[in-house]
Amino acid sequence: MVPFIALIGGFVALRLLGLAGVDMLDGWQPALRGALALMFVVTGVPHFLPSWRRDFVAMIPAAFPRPALLVTITGVLELAGAAGLLLPPLAPYAAIGLALLMIAMFPANVSAARRGLTLAGKPVTPLPVRTALQVLFVAAAIAAAA
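Residues numbered from 1 in each chain as written. Predicted model: local features only at pLDDT ≥ 70, side-chain atom pairs only at ≥ 80, totals over all residues. Heavy atoms only, no water.

A. Summary view of the side chain of R33. Secondary-structure assignment places R33 in helix 2 (residues 28-44). Here R33 occupies a buried position and makes no salt bridge, while the nearest side chain of opposite charge, D26, is found at 14 Å. A polar side-chain atom of R33 sits 2.7 Å from the main-chain carbonyl oxygen of A144. Here R33 is in contact with L85, A91, P92, A144, A145 and A146, once residues within four sequence places are set aside. (Helix = DSSP H or I, 4+ residues; strand = E, 2+ residues; numbered from the N terminus. Buried < 20%, exposed > 50% of the residue type's maximum accessible area, 1.4 Å probe, protein only. Lys, Arg positive; Asp, Glu negative; His and termini not counted. Salt bridge = Lys/Arg side-chain N within 4 Å of Asp/Glu carboxyl O. Polar contact = N/O pair within 3.5 Å; in protein donor to acceptor, adjacent residues only side chain to side chain. Contact = heavy atoms within 4.5 Å.)

B. Representation of the nonpolar core. Residues L7, L36, M39, F40, L85 and M102 are the most contacted members of the largest nonpolar core, which totals 24 residues. Residue assignment for this core shows that the elements contributing at least two residues are helix 1 (2-19), helix 2, helix 4 (67-85), helix 5 (91-115) and helix 6 (127-145). Setting aside residues no more than four positions away along its own chain, L36 makes contact with L7, L85, A140, A141 and A144. In this structure, F56, I60, V71 and L117 belong to the second largest nonpolar core, which totals eight residues. (Core = buried A, V, L, I, M, F, W, Y, C linked by side-chain atoms within 4.5 Å.)

C. Just the packing of helix 1 against helix 2, in detail. Running from amino to carboxyl end, helix 1 crosses helix 2 at an angle of 145 degrees, the nearest separation of the two axes being 8 Å. Crossing geometry of helix 1 relative to helix 2 is assigned as right-handed. Across the interface between the two elements, V2, P3, A6, L7, G10, F11, L14 and R15 from helix 1 touch W28, A31, L32, G34, A35, L36, L38, M39, V42 and T43 from helix 2. Residue composition of the contact of helix 1 with helix 2, by class: 14 nonpolar, three polar and one charged. (Axes fitted to C-alpha atoms, helices over the stretch in contact; angles between N-to-C directions. Left-handed = near helix turned anticlockwise from the far one by under 90°. Nonpolar A, V, L, I, M, F, W, Y, C, P; charged D, E, K, R; others polar.)

D. Geometry of unusual backbone geometry. The residue R66 is not glycine, and still its phi comes out positive at about 50 degrees. Take R66: it is sitting in the loop between helix 3 (50-59) and helix 4. Not every positive phi belongs to a glycine, and A120 is a case in point at roughly 55 degrees. Looking at where A120 falls in the secondary structure, it is placed in the loop between strand 1 (118-119) and strand 2 (122-123).

Here's what the structure looks like:
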């Protein structure tokens with residue numbers, strides 16, 4: 001739920017800043033891009049924190065080789081995508097790349113939910129809720145790319 005809170009809370013805060021006169025945030029799309037960047041920093045950094053990293057590695061389905069490397073790659077891509085969202089010429093490409101990344105990572109979320117895994121000692125989000133969130137996150141990234 002933390003990524004959802006980062007996305008919604010970030011969007012509201014940034015949109016309010018835009019309405020208060022911060023020109024670069026004056027519009028729903030810049031606020032959405034900033035909120036997505038916040039969300040991906042929140043989700044990307046834990047890929048490199050030892051306790052979270054172990055849990056992320058455990059989430060990778062057995063069919064995928066080198067799960068630790070995949071966790072590193074996805075963490076780097078999330079952080080690079082977050083940075084790209086903040087650079088207007090790159091933002092549409094970063095947003096589409098992040099939408100594709102979320103789709104590619106979804107099997108790990110399904111696997112984790114089905115196996116009853118934990119993240120940082122807490123149960124992963126149940127699959128129906130996670131699926132709805134994933135649809136929202138992908139839709140937000142696509143909207144940020146438009």
